[in-house]
Amino acid sequence: AAQEAARKAAAERASRSAERATLSASVSASTSTSTSTATGSAADIVNFVQSQVGDAYVLGSSGPSSWDCSGLVQAAFKQVGIDLPRVSQDQSTAGTQVSLDNLLPGDILYWGSAGSAYHVAVYIGDGKFVGAQNPSTGVAEKSLSYDPPTGAVRVL
């Protein structure tokens, strides 16, 4: 009986591992899709931040033609009726923490740690984000490899 129970437990673990591998593969496939697959509110947020690319970075600014990082993120979410806090520290805890391996368009990326982030941006899909970077680059679209974030939150 003990051997039978052990065999069943091993079979269950193998089954769960196979399910995880399938889920992981589908998550990987979804995170590598292009931004055109973003739908609904996420698409509106992505479109908004992409339309600001090229605008100036000005510390403390919240639009309409210059932004700081948290001002841009706050304005993007306001487009879909979501009121976010104004500063990056608070935005980094405004949603549910998500793994950087499980990003979806519209997720908020942060640099630093949750609750004490010093920078935020919006993930747009395809391994890219848009953020108000600094005075020399302004609002820019960058690859995650340009400056890997330390965490992400999902508000949608």
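Quick caveat, the model's predicted, so the values are computed rather than measured.

About the cut-offs
- Residues numbered from 1 in each chain as written.
- Predicted model: local features only at pLDDT ≥ 70, side-chain atom pairs only at ≥ 80, totals over all residues.
- Heavy atoms only, no water.
- Helix = DSSP H or I, 4+ residues; strand = E, 2+ residues; numbered from the N terminus.
- Buried < 20%, exposed > 50% of the residue type's maximum accessible area, 1.4 Å probe, protein only.
- Contact = heavy atoms within 4.5 Å.
- Areas by Shrake-Rupley, 256 points an atom, 1.4 Å probe, with all protein chains shown as cover.
- Polar contact = N/O pair within 3.5 Å; in protein donor to acceptor, adjacent residues only side chain to side chain.
- Pairing = 2+ DSSP bridges.
- Axes fitted to C-alpha atoms, helices over the stretch in contact; angles between N-to-C directions.
- Expected span 1.5 Å × (residues − 1).

1. A word on the overall build of the chain
Piece 1. Along the backbone of the chain there are 4 helices and 8 strands.
Piece 2. Secondary structure elements of the chain, listed N to C terminal, follow the sequence α-α-β-β-α-α-β-β-β-β-β-β.
Piece 3. Burial analysis of the chain (156 residues in total) assigns 37% to the buried set.
Piece 4. Across the chain, contacts joining residues at least 24 apart in sequence account for 54% of those joining residues at least 6 apart.
Piece 5. Carbon and sulfur atoms make up 53% of the accessible area of the chain, which totals about 7900 Å².

2. Here's the deal with the side chain of Q52
Piece 1. For Q52, the position within the fold is in the loop between α2 (40-51) and β1 (56-57).
Piece 2. We classify Q52 as buried; its relative accessible area is 9%.
Piece 3. A polar side-chain atom of Q52 sits 3.5 Å from a polar atom in the side chain of W67.
Piece 4. Once residues lying within four places of it in the same chain are set aside, the contact partners of Q52 are P64, W67, L72 and V139.

3. Notes on the pairing of strand β8 (residues 151-154)
Piece 1. Along β8, one buried face is formed by G151 and V153 and the opposite face, lined by A152 and R154, is buried too.
Piece 2. Pairing of strand β3 (residues 96-98) with β8 involves 3 bridges; the strand directions are antiparallel. Bridging across to β8, T96 finds its partner in R154.
Piece 3. Judged from the 3 bridges that link them, strand β4 (residues 108-111) and β8 form a sheet pairing that is antiparallel. The residue bridging L109 from the neighbouring strand is A152, located in β8.

4. Details of the sheet that holds strand β7 (residues 139-143)
Piece 1. With antiparallel pairing, 6 strands are arranged side by side in an open sheet as β3-β8-β4-β5-β6-β7. With one partner strand each, in any of the chains shown, β3 and β7 form the two edges of the open sheet. The sheet shows a mean angle of 35 degrees between the axes of neighbouring strands, taken without regard to direction.
Piece 2. Pairing of strand β6 (residues 128-132) with β7 involves 5 bridges; the strand directions are antiparallel. Looking across to β7, one finds that V130 is bridged to E141.
Piece 3. Helix-sheet contacts for helix α3 (residues 69-78) involve β4, β5 (119-125), β6 and β7, and the interaxial angle to β5 is about 45 degrees.

5. Some thoughts on α2
Piece 1. With 12 residues, α2 should cover 16 Å at 1.5 Å per step; its first-to-last C-alpha distance of 17 Å lies within 8% of that length.
Piece 2. Those residues of α2 that fall on the buried side of the exposure criterion are A42, A43, I45, V46, F48 and V49.
Piece 3. Those residues of α2 that are buried are in contact with β2 (66-67), α3, β5, β6 and β7.

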